[in-house]
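Structural description and commentary
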Amino acid sequence: VTAHKTLAGKVSIAVPTGALMPGALRLLARAGLARLTGEELGRQLLVDRSGVRVILVRPADVPAYVDHGAADLGIVGKDILWETPGAHYELVDLGFGACQMVLAVPIASRLNGPETWPPQLRVATKYPRTAAAWFEARGQAVEVVPLHGSVELAPQVGLVDAIVDLTATGRTLKENRLRVTATLGASTARLIANQASLKTRTDAVQAAVGRLREAVAK
Amino acid sequence: MVEGVDVLELGIGADQRRRLFKFADARGEVIALVGERTVPVARLVAGKLRGSALPLRLCYAGPVLSTDEGRFHQRRETYQVGAELVGAPGTVADAEVIALAARCLQASGVQRYQVDVGHAEFFHGIMDAVKLPDEVKSAVRVALTARDFVALESLLEKTPLRSAEHELLLRFPALRGGSEILQAAGGLVRNRRSERALAELAEVLQLLVAHGLGDVVSLDLGAIRDFDYYTGIIFEGYGPDIGRPVAQGGRYDALLARFGRPAPATGFVVQLDLVWEMLTRSARPPALPRIDAAVAWSGSGLKAGLRLGSTLRLFGMRAVVDTQARDQAESKTWWRAVGAVNLLHCMNDSTVAWTAVGQRTRRLPPEQVAGRLAGGIA
């Protein structure tokens, strides 16, 4: 019997660390599923409440937990789902955590619309799959440089021509003397569900989905 | 194991094609390692078995290969068992194949399993009937097969005409249940294709009850599968604590025609790796098959030991003969390590010291030992 085994009748929900965590916890409370503080969950990582198990994982790991069935449901940014498509169901736009995936270049750069792009564009990003797919759909040859952080720095030191990154307010871009030339997509937090959980424990999982959906509409 | 890519392309989608291990032979023809086994079966039926009368019932078991590493460190070589019923249309054939798949899951020893049955035509009927511009329709198709209901909702929101079909599409993940779901859906659809699909589902459900599978079968009108491939009844098998279907199947009446022998067909595949994962996770993980007899020998007993081992195997028992001589005390240590039910120590041509678990040692001639073991007499 493995530790990640889901408990009969109990619905497990994966919640991401970071920017989406406060919104996710507020939503769980509003839906009447679990009342938890960030400190509490951050300390324990796994909290059991009547009928619900909440687990705290890194944002990029939420789809893995859900697709593998270690969590029935997951709260995750659309940006992560673009990057890691899987066999999960994307059920509800939860509304919070709004931000945009943008193509940004240094303020002084000559690059602007597609007509100004060189034959081969070099782009740094934490979202290599999303970036590559977007340029491919536009017939633009691109060399994607996958980075893990401080992507804003890459064009300033001449590593790349542009970056693809997530921005909520645009402040970080401005501070790093970058400007947006295109928007790849708009992201918000989403509710995803494991395909087998919906089939094998339909009642419990659908009930939780229903309560979360209502809490969003409120 | 190996097929020409041009042959495989007749039967599989672009996504599966991408995952094939491909290479070129000496003449530069691109060939691939099998990624699934339904297409090879279709080729067999239309080729080597061309002269055989339909219907044909064929099965396979073996590895398939995929370049996809997956996110769970999946093995690239996985094992599949499957069966295809070619040349039989109708719900009796559909139910036969579903029942066989269910019995396979049962025989594998999983403690709990369920089979969800749906119908590809239910979806096609809705897509025909729903009033949408063509470009929105294709976007709806993409969103639905990606299981992206947020995108689906926003696509349908923009259209002025709201119909029962709209509602059904949005409720796809929740269209699951028993026969009551057929009535609920029947009240909402207003198109021939979907109505016929619901009628067929009702028939299949009744047949599966007659097969003795009423407890494990549910209906899932929102089953999302490769709708370009499947033409009728579709189904999926699930087990406890596995996030993916362990068995999948359905009717694919269009495939055989692409190989030049048009025929209705239905079949299924069981993912053995997932079955194994379920078994090893369960409270009673599967044990290796028990060895019936450990045959040890000393002195001149080797020949008698080899004869005894062969005789026992003829009677269907698992017997292992030691590779080296041991005295009686050493042979007991070896016996425990082997984990066999009986220790048969051949001391010479005519004497065997026979020890069974929980019993004291007896000395008997080898023929008597073989006779008693084969006859099930301790």
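Refer to the structure above for everything that follows.
Calculation criteria
- Residues numbered from 1 in each chain as written.
- Chains lettered and ligands numbered in written order.
- Predicted model: local features only at pLDDT ≥ 70, side-chain atom pairs only at ≥ 80, totals over all residues.
- Heavy atoms only, no water.
- Helix = DSSP H or I, 4+ residues; strand = E, 2+ residues; numbered from the N terminus.
- Buried < 20%, exposed > 50% of the residue type's maximum accessible area, 1.4 Å probe, protein only.
- Areas by Shrake-Rupley, 256 points an atom, 1.4 Å probe, with all protein chains shown as cover.
- Disulfide = S-S within 2.5 Å.
- Patch = residues over 30% accessible without salt bridge, like charges linked within 9 Å, V, L, I, M, F, W, Y side chains within 5 Å.
- Salt bridge = Lys/Arg side-chain N within 4 Å of Asp/Glu carboxyl O.
- Polar contact = N/O pair within 3.5 Å; in protein donor to acceptor, adjacent residues only side chain to side chain.
- Contact = heavy atoms within 4.5 Å.
- Phe/Tyr/Trp six-rings, centres within 6.5 Å; stacked < 30°, edge-to-face > 60°.

With that settled, the discussion passes to the overall build of chain A. For chain A, the count of helices and strands is 9 helices and 11 strands. C-alpha atoms of chain A, sized along the principal axes, occupy 60 × 35 × 30 Å. Within the span of chain A, comprising 218 residues, buried residues form 52% of the whole. Looking at chain A as shown, the accessible area adds up to about 10,000 Å², and 53% of this sits on carbon and sulfur atoms.

Further remarks concern the state of the cysteines. Inspection of every chain in the model, using the stated rule, returns 0 disulfides over all chains. Free of any disulfide, B:C59 has its nearest cysteine sulfur in B:C104, 8.9 Å distant.

Residues A:L153, A:V157 and A:L159 make up a contiguous nonpolar surface patch of roughly 260 Å² in combined accessible area. Assignment of secondary structure puts A:L153 in helix α6 (residues 153–156).

Let us now look at the side chain of B:D116. Secondary-structure assignment places B:D116 in strand β6 (residues 114–119). Assessed through its relative accessible area of 3%, B:D116 is described here as buried. Among the polar contacts listed, one links the side chain of B:D116 to the side chain of B:Q114, at a separation of 3.2 Å. The residues touching B:D116, leaving out its near neighbours within four places in the chain, are A:K199, B:R176, B:S218, B:D220, B:I234, B:F235, B:E236 and B:Y238.

This next bit is on the packing of aromatic side chains. On inspection of all chains with the given rule, the structure shows 7 aromatic pairs over all chains. On the basis of an interplanar angle of 10° and a centroid distance of 5.9 Å, the ring pair of A:Y89 and B:F149 is categorised as stacked. Pair noted here: A:Y89 is in strand β5 (residues 89–93) and B:F149 is in helix α7 (residues 149–157), and the two residues belong to different chains. Exposure class is identical for A:Y89 and B:F149. Each is buried. The interplanar angle of 80° and the centroid separation of 5.1 Å between the aromatic rings of A:W134 and A:F135 together place this pair among those described as edge-to-face. Both residues of the pair, A:W134 and A:F135, count as buried. Through a chain of ring-to-ring contacts, the aromatic side chains of A:W117, A:W134 and A:F135 assemble into a single cluster.

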